[in-house]
Amino acid sequence: MNQVIEILNDKQREAALTIDGPLLILAGAGSGKTRVLTNRAAYMISDCDVRPWNILAITFTNKAAGEMRERIDALVGEDAENIWVATFHATCVRILRRYIDKLGYDTNFTIYDTDDTVTVMKDVCKRLQIDTKQYSPKALLSTISKVKNEMMTPEDYLADAPWDYGRQQFCKTYAEYEKTLQKNNALDFDDLLLKTVALFQSQPEVLNYYQDKFLYIMVDEYQDTNTVQFELIRLLASKHRNICVVGDDDQSIYKFRGANIRNILDFEKVYPDAKVVKLEQNYRSTQTILDAANSVIKQNASRKDKALWTDKGAGNKVHFHQFDNAYEEAEFIADDIAGKRRRMEARYQDCAVLYRTNAQSRLLEERMIMEGIPYDVVGGVNFYGRREIKDILAYLKTIDNARDDLAVRRIINVPKRGLGATTLARIQDYALSHELSFYDTLGIADQIPQVAKAAGKIKPFVEMIETYRSKLPYLTLEQLIGDILKRTEYIENMDVADDVELQTRVDNIDELINKVIAFQDEHEDATLSQFLEEVALVSDIDNVDADADRVMLMTLHSAKGLEFPQVYIAGMEDGLFPSYMNITSDDPSELEEERRLCYVGITRAKDDLTITCARSRMIRGETQYNAVSRFVKEIDPALLDGSVPKTRVRETDIPGPSMSTYGREMAKSKPYASSPAARNAYAKPYIATAAGAGKTTAKSNVLTKGTDILDQKAPLDYGVGDTVRHIKFGTGVVEQINDGGRDYEVSVNFEKYGMKKMFASFAKLQKV
DNA sequence: CGTACTAGTCTTTTT
DNA sequence: GACTAGTACG
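No experiment lies behind these values; they were computed from the predicted model shown.

> Quick rundown of the environment of Ser 437? Include the residues and the values.
Note that Ser 437 resides in the loop between helix 20 (421-433) and helix 21 (438-443). Residue Ser 437 is classed as buried on the basis of its relative accessible area of 11%. C-alpha of Ser 437 to C-alpha of Ile 481: the two residues are 44 residues apart in sequence and 24 Å apart in space. Among all residues touching Ser 437, those that are not within four sequence positions of it are Ala 402, Asp 405 and Ala 431. A polar side-chain atom of Ser 437 sits 3.1 Å from the main-chain amide nitrogen of Asp 440.

> Break down the packing of helix 18 (residues 387-400) against helix 23 (residues 477-488) for me, citing the residues and quoting the values.
Running from N to C, helix 18 and helix 23 cross one another at 110 degrees; their axes reach a closest spacing of 11 Å. For the element pair helix 18 / helix 23, the angle class is roughly perpendicular. Within the contact between the two elements, helix 18 uses Ile 392, Tyr 395, Leu 396 and Ile 399 and helix 23 uses Leu 480, Ile 481, Ile 484, Leu 485 and Thr 488. Taken together, the residues of the contact of helix 18 with helix 23 break down into eight nonpolar, one polar and no charged.

> Pulling in residues and values, what's your account of the packing of aromatic side chains?
Within the structure shown, the criterion is met by 16 aromatic pairs. Relative to Tyr 384, the ring of Phe 383 has its centre 5.1 Å away and its plane inclined at 85 degrees; by these criteria the two rings are edge-to-face. In this structure, Phe 383 and Tyr 384 share a single accessibility class: buried. Among the aromatic side chains, those forming a connected cluster through ring pairs are Trp 84, Tyr 99, Phe 200, Tyr 209, Tyr 210 and Phe 214.

> Could you give an account of the protein's contact with DNA strand B, naming the residues involved and the relevant values?
Around DNA strand B, a shell composed of 31 residues is seen, among which Arg 257, Arg 356, Ser 539, Thr 555 and Asn 582 lie nearest. Protein-proximal atoms of DNA strand B, defined as those within 4 Å of the protein, fall in sugar or phosphate at a share of 55%. Take Asn 358: an N or O atom from its side chain is 2.8 Å from a phosphate oxygen of DNA strand B. Between DNA strand B and the protein, one listed contact pairs a phosphate oxygen with a side-chain N or O atom of Arg 620 at 2.9 Å. Those elements that provide at least two residues to the surface near DNA strand B are helix 20, helix 27 (556-559) and helix 28 (580-584).

> Lay out the pairing of strand 12 (residues 551-555) with the relevant residues and their values.
Consecutive side chains of a regular strand alternate in pointing toward one face of the sheet and then the other. Here strand 12 lies mainly inside the structure; five of its five residues are buried. A two-sided burial pattern is seen for strand 12, the buried positions comprising Val 551, Leu 553 and Thr 555 on one face and Met 552 and Met 554 on the other. Of the strand pairs in this sheet, strand 10 (residues 351-355) and strand 12 are connected by four bridges, and their pairing is parallel. Within strand 12, the position partnered with Ala 352 by the bridge is Met 552.

> Residue-level account of the pattern of salt bridges, with values.
Enumeration according to the criterion identifies 55 salt bridges in this entry. Here Asp 549 ties to Arg 341 by a salt bridge, and the two come within 3.4 Å at their closest N and O atoms. You can see Asp 549 sitting in the loop between helix 26 (528-536) and strand 12 and its partner Arg 341 sitting in helix 16 (residues 326-342), a full 208 residues away along the chain. According to the relative accessible area criterion, Asp 549 is partly exposed, its value standing at 28%.

> For the pairing of strand 13 (residues 564-569), give the residues involved together with the corresponding values.
Within strand 13, six of the six residues are buried, which leaves the element mostly enclosed by the surrounding structure. Note: strand 10 against strand 13, four bridges, orientation parallel. Residue pairing across strands places Cys 351 opposite Gln 566, the latter belonging to strand 13. Pairing of strand 13 with strand 14 (residues 605-619) involves five bridges; the strand directions are parallel. Counted as the bridge partner of Phe 564 is Ala 605 from strand 14.

> Describe the sheet that holds strand 1 (residues 23-27), naming the residues involved and giving the relevant values.
A sheet is described by the order of its strands in space; here six strands give the open sequence 3-2-6-7-1-8, paired in parallel fashion. Unpaired on one side and paired on the other, strand 3 (84-87) and strand 8 (275-279) mark the two borders of the sheet. Strand after strand, the sheet turns through a mean of 15 degrees between neighbouring axes, direction not considered.

> Help me get a handle on the confidence of the model for chain A, residues and values and all.
In the predicted model, chain A carries a mean pLDDT of 83, and the fraction of residues at 70 or more is 86%. Residue range residues 644-713 is modelled with pLDDT below 50. Its contacts to residues more than four positions away, or to other chains, number 150 contacts.

> Could you give an account of the environment of Ile 737, with specific residues and numbers?
Note that Ile 737 resides in strand 18 (residues 730-739). Each C-alpha atom, one on Ile 737 and one on Val 748, is 8.9 Å from the other, the two residues being 11 residues apart in sequence.

> Let's hear about the packing of helix 5 (residues 88-99) against helix 11 (residues 204-213): which residues, and what values?
Two elements in contact, helix 5 and helix 11, have axes whose closest approach is 13 Å; the angle formed by their N-to-C orientations is 135 degrees. With respect to helix 11, the element helix 5 is oriented oblique. The chirality of how helix 5 crosses helix 11 is right-handed. Taken together, the residues of helix 11 that come into contact with helix 5 (itself represented by Ile 95, Arg 98 and Tyr 99) are Val 206, Tyr 209 and Tyr 210.

Cut-off values and rules
Residues numbered from 1 in each chain as written. Chains lettered and ligands numbered in written order. Predicted model: local features only at pLDDT ≥ 70, side-chain atom pairs only at ≥ 80, totals over all residues. Heavy atoms only, no water. Helix = DSSP H or I, 4+ residues; strand = E, 2+ residues; numbered from the N terminus. Buried < 20%, exposed > 50% of the residue type's maximum accessible area, 1.4 Å probe, protein only. Contact = heavy atoms within 4.5 Å. Polar contact = N/O pair within 3.5 Å; in protein donor to acceptor, adjacent residues only side chain to side chain. Axes fitted to C-alpha atoms, helices over the stretch in contact; angles between N-to-C directions. Parallel < 35°, antiparallel > 145°, perpendicular 65-115°, else oblique. Nonpolar A, V, L, I, M, F, W, Y, C, P; charged D, E, K, R; others polar. Phe/Tyr/Trp six-rings, centres within 6.5 Å; stacked < 30°, edge-to-face > 60°. Near = heavy atom within 4 Å. Pairing = 2+ DSSP bridges. Salt bridge = Lys/Arg side-chain N within 4 Å of Asp/Glu carboxyl O. pLDDT = per-residue confidence, 0-100. Left-handed = near helix turned anticlockwise from the far one by under 90°.

Structural data, given as structure tokens:
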């Protein structure tokens, strides 16, 4: 049997060897699901004569996609490049760029992010004279998203309750919103999926093409799919039925984004002939941590029965501490991490602090800074959501897609060109009544009586954009951005409160330029459209650099799929986690989702788990007094230690203010500038985290899903200069071996295939 | 037209 | 408590 298959355990192997027909892999936390998926793909190619281009592997994050590709690459070699590994959204974009003209859009459509759609919606409300006090744009959008995810048009939705006035109003805005997007040649995130399904439904020959292309389909994190995603997969798989989905119903935490847990729970109903394999051996955590996770999750009623086990020992008890306030909690966590490091029990990068809400990061950050602990915050304000970044991207979008009104309107007066609201409103009215785009209207401003006198200010702008358009083929993206900044004197004209803010913004712009450079390095003939597309589809977690020795701070949601030796879950209080909204909800499934989130958090820990909470904390400017989280009480007390101390046990040799002093100080004074990242010498500013992101994302080791089994780094029986054999590449000479922490990265010069870099544990190189 | 203040908002958020 | 968007004023 193939070595790729041999290294799997019985259940994993059974899953990997099942190639044909529907397959559901119920993969508990840390059970090596990524390994099963990658080895399954490798097995198909090397042993079953499956062509790589007939395989589609779908994930939710770019990071997961990158990792999967890399690991398949290492197993099967360059053929793997033809496997289609991508996120749902990226997959759809790729298909739509080819065929969306059949639906009446331009193939260079723009993708609107959440901020963009809010702007559009505000506009729509104004136009339809909707009272935004009664229907907030955000709430409208969230309903639209839900309705869209159920694949209902405004007409469909209205048909359910045509007499309902509120629904009439809503459907009117929904329809107008859709119209606006279409006019702007723009798609929102939901549309990417929806339009692809629409394309498949209306164009049988396109669907047929992709059905015959993707003979084998794999979907990761299946518990998080929504109705449209389900339909997309169903359509693609309906002809050949080789559909393999992997997931864990206990880790479904995105219901609020439309994820439908029934997709995984009912898989066997949709595919009665489905084979089901349960992966229950956990390779990540100690028995104690698993027991704690199990004791929590078993309180949930609607779940598939599972029993995770491990052959790791019991390990440490789960530590639990309650503090008087959140400052003390933060201080304890920072001290504890510092202590572990001093005692050489852990490196910074082995530690992660998880919390329910992003706002909780601030206190933790402040304390990390005080103690000189390097850290990275994942999430919070998205890099691409920052004002200066959005501005520059709006310039690029304007140059790229003339129909993207939103982008044009964002920058028409940034930097200030002396155009006021009235002028812009007149242009907007004219554009609307004459069915012109905003940009085209700018071009004929001198012929419009009401705005003719502002035409002198508008003309240079239009000319500038036109110049860039004509020069586009001769400029690199880097040159283009540089020139825009120079010509518009963007930085000089930024209005900033102080030097710190100026520096942050300039740094962010620098970082954007770094990203552009990295992007061009990777894609030789990179176009502007491609860059904008990549940017539209990345998230914060994609840029995490796991190689840096830094503590990670992130929400429980962001932590899904990651693992750390030392995990802290902070703010375990009723009202915060589970959140107030879920406690008061009359829908019990809301609380179950919170419990799953808790389960996800606990199962991130490999060796040691610490749970903390505070009796009081400031939430939204108000001090709240919270009880210990009900989830903590669900953990078998025999698994816990350090229960509820009145005073903190402190590392005696740590200098610094006593805790109570610190708490009081922090409570009234604010020694730092507003943005922790901006003034933190220890925290790598966002910039640095993401620097060269294109290169670092894929190679992260510590954070990868399923590195679990590979913890022990086996010594290599070959060295530099030795000749080795690879299953796929044949023989070659080892040129270089790098110690990548968890694994060796080996560079081999193959006789037939040339230089390849691969991870030793995957490559299974044999010394010849 | 641009600035300065005030009022409202604020879970989570793979894309 | 912090940030942003909207409005009133100069």
